[in-house]
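Here's the letter readout for the chains.
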Amino acid sequence: MHDHAAAAPFALIPAVWLAALLAVAVYVGAVRSSRRRGPWPAARTASWLAGVLAAAAAAHLALSPAGAGFVAHMAGHLMLGMLAPLLLVLAAPGTLALRSLSVVPARRLSGLLRSGPVRVLTHPVPAALLNGGGLWLLYATPLYGAMHANPLLLAAVHAHVFAAGYLFAFSIAGPDPAPHRPSHAARAAVLLAAVAAHAVLAKYLYAHPPLGVSAADASLGSQLMYYGGDAVELGLIVALGASWYRSTRPRPHRRAPAEAAAA
């Protein structure tokens, strides 16, 4: 019975890579469809490909027996919950969808993005609570040990980690349009609080390993969480800073038609 339960998550790995191929194909197809409205930045396409690869590799690791160790689990957490979401958010999939869809579907998507539930979930404070609070719940309760004994719970936890990481990255520095997005200063304050909470959690795990995790594995895993998390969070800080700069830099002066004709 134990062997069957352990094999169940492993059987989902082909579906993970199939979903990754589908995500790449849909994005590339949307890029080709949007060319009638102008070129699409190659950097965004590269960011999408890298993000999909990171998410698929992390899911593969989480569902395989090699991902059962705490250090491997933490490496997967960094890729699935932090690196992949940041790369996917920077690829601006929402903007691409609005460019490539026809008028009616684009209006429906725009209406969905303006809906109340989406506005709440993409606000930095709820997104930070879902992201950081979920991690505290995972590691400071028996949930970490329980998910390794239940394939459905394992998949649900990792799906939450990815979705919460995406919402948080989007709420802080997503280039996609987001109606009623708070100011850059407010987003910076939430980001600093989230960075501090992540660092505190890493130190907590160093001193209080989850049930069933050895002190040596907890030491390595928590250090990976601390320093690896810093690296990804630095990328998020840079993305927010770049967005802030673009929003405040002086716009080039546009000449009036008569002035331009005279020139």
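Going by the structure above, here's the rest.
These numbers come from a predicted model, not from an experiment.

Looking at this structure, how should I read the packing of aromatic side chains?
For any pair of aromatic rings, the description rests on two quantities: the centre-to-centre distance and the angle between the ring planes. Per the stated rule, a full pass over the model turns up 6 aromatic pairs. Taken together, a centroid distance of 6.2 Å and an interplanar angle of 85° make the contact between Phe70 and Tyr139 edge-to-face. Here Tyr139 lies in helix α8 (residues 124-139) and Phe70 lies in helix α4 (residues 70-90), a separation of 69 residues in the sequence. Classification of Phe70 as buried rests on a relative accessible area of 3%. You can call Tyr139 buried: its relative accessible area is 3%. Taken together, a centroid distance of 5.7 Å and an interplanar angle of 80° make the contact between Phe70 and Tyr144 edge-to-face.

What am I meant to see in the nonpolar core here?
The tendency in soluble globular proteins is for nonpolar side chains to be buried side by side. Of all hydrophobic cores here, the largest spans 32 residues; its most connected members are Tyr27, Phe70, Tyr139, Tyr144 and Leu205. Mapped onto this core, the elements with two or more residues apiece are α2 (13-33), α3 (42-63), α4, α8, α9 (143-147), α10 (151-173), α11 (184-207) and α12 (215-248). The element contributing the most residues to this core is α2, with 6 residues. Excluding its chain neighbours within four sequence positions, the residues that come into contact with Tyr139 are Phe70, His73, Met74, His77, Tyr144, Leu201, Leu205 and Pro210. Residues Val89, Ala169, Ile172 and Ala188 belong to the second largest nonpolar core, which totals 19 residues.

Got a minute to help me understand the side chain of Ser34 in this structure?
Examined against the element boundaries, Ser34 turns out to sit in the loop between α2 and α3. Ser34 sits in the buried class, given a relative accessible area of 0%. What Ser34 contacts, discounting residues up to four positions off in sequence, is Trp40, Leu96, Arg99 and Ser100.

I'm lost on the environment of Ala92 in this one. Help?
Its place among the elements puts Ala92 in the loop between α4 and α5 (93-100). In this structure, the C-alpha to C-alpha distance between Ala92 and Arg114, residues 22 residues apart in sequence, is 17 Å. Each residue touching Ala92, except ones within four places of it in the same chain, is listed here: Trp40, Arg44, Pro175 and Asp176.

Reading the values: rules and limits
Residues numbered from 1 in each chain as written. Predicted model: local features only at pLDDT ≥ 70, side-chain atom pairs only at ≥ 80, totals over all residues. Heavy atoms only, no water. Phe/Tyr/Trp six-rings, centres within 6.5 Å; stacked < 30°, edge-to-face > 60°. Helix = DSSP H or I, 4+ residues; strand = E, 2+ residues; numbered from the N terminus. Buried < 20%, exposed > 50% of the residue type's maximum accessible area, 1.4 Å probe, protein only. Core = buried A, V, L, I, M, F, W, Y, C linked by side-chain atoms within 4.5 Å. Contact = heavy atoms within 4.5 Å.

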